[in-house]
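The residues making up each chain are set out below.
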Amino acid sequence: MIPGGGQPDMQQLLQQAQKMQQDLAAAQEELAQAHVEGSAGGGLVKATVNGSGELQGLVIDPGAVDPQDTETLADLVVAAVRDANNEAQELAQQKLGPLAQGLGGMPGMPF
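Residues numbered from 1 in each chain as written. Predicted model: local features only at pLDDT ≥ 70, side-chain atom pairs only at ≥ 80, totals over all residues. Heavy atoms only, no water.

**Thoughts on the overall build of the chain**
- For the chain, the helix and strand inventory stands at 2 helices and 3 strands.
- Walking the chain from its N terminus toward its C terminus, one meets helices and strands in the order α-β-β-β-α.
- Counting only residues that meet the buried cut, the chain has 23% of its 111 residues in that class.
- Considering only contacts in the chain between residues 6 or more positions apart, those separated by 24 or more positions represent 47%.
- Accessible area of the chain: about 7500 Å², with a carbon and sulfur share of 52%. (Helix = DSSP H or I, 4+ residues; strand = E, 2+ residues; numbered from the N terminus. Buried < 20%, exposed > 50% of the residue type's maximum accessible area, 1.4 Å probe, protein only. Contact = heavy atoms within 4.5 Å. Areas by Shrake-Rupley, 256 points an atom, 1.4 Å probe, with all protein chains shown as cover.)

Okay, structure coming up:
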């Protein structure tokens, strides 16, 4: 409702919704192009993911490779990927959080 008892301008609401949709699409594309890095073992294993959390690269320092202890290496890989995904989630929150909050103020939106 608009102050004074008037009805909201539907054309204006539609334009705002379209703008938010465009902003959201742009932010999602930016996230897909972004790369964030996580590491484990003091940098022995580094994982790179895009802003959507998809693994893009993995670098393993030769010092982390012990043929007698592959379990530790596997743990380091998992930890590095997890760290990178946490960074990607933080980036997504930074990019998409304000847009989701903006949608919360629109009538009929489920946010």
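Structure's up, so let's keep going.
**Section: the environment of asparagine 85**
- The topology assignment puts asparagine 85 in helix H2 (residues 70-104).
- Taking relative accessible area as the criterion, asparagine 85 reaches 24% and is therefore assigned partly exposed.
- Separated by 32 residues in sequence, asparagine 85 and glycine 53 have C-alpha atoms that sit 5.3 Å apart.
- Excluding its chain neighbours within four sequence positions, the residues that come into contact with asparagine 85 are Val49 and Gly53.

**Brief notes about the environment of valine 59**
- Along the chain, the position of valine 59 falls in strand E3 (residues 55-60).
- Put simply, valine 59 and lysine 46 are 13 residues apart on the chain and 5.1 Å apart in space, counted from C-alpha to C-alpha.
- Once you skip the residues sitting within four places of it in the chain, valine 59 turns out to touch Leu44, Val45 and Lys46.

**Considerations on the pairing of strand E2 (residues 45-50)**
- Where strand E1 (residues 35-40) lies against E2, 6 bridges are found, and the strand directions are antiparallel. What sits directly across from serine 39, in E2, is lysine 46.
- Connecting E1 to the antiparallel partner E2 that follows it, the hairpin turn spans 4 residues, and glycine 41 within it adopts a positive phi of roughly 65°.
- As paired elements, E2 and E3 share 5 bridges and run antiparallel to each other. The partner of threonine 48 across the bridge, within E3, is glycine 57.
- Between E2 and E3, which pair antiparallel one after the other, the connecting turn spans 4 residues, and glycine 53 there sits at a positive phi close to 90°. (Pairing = 2+ DSSP bridges.)

**Let's talk about the side chain of asparagine 50**
- Within the secondary structure layout, asparagine 50 lies in strand E2.
- Given the relative accessible area of 5%, asparagine 50 is considered buried.
- Of note is the side chain of asparagine 50, whose polar atom sits 2.9 Å from the backbone nitrogen of serine 52.
- Among all residues touching asparagine 50, those that are not within four sequence positions of it are Leu31, Ala32, Ala34, His35, Gln56 and Ala88. (Polar contact = N/O pair within 3.5 Å; in protein donor to acceptor, adjacent residues only side chain to side chain.)

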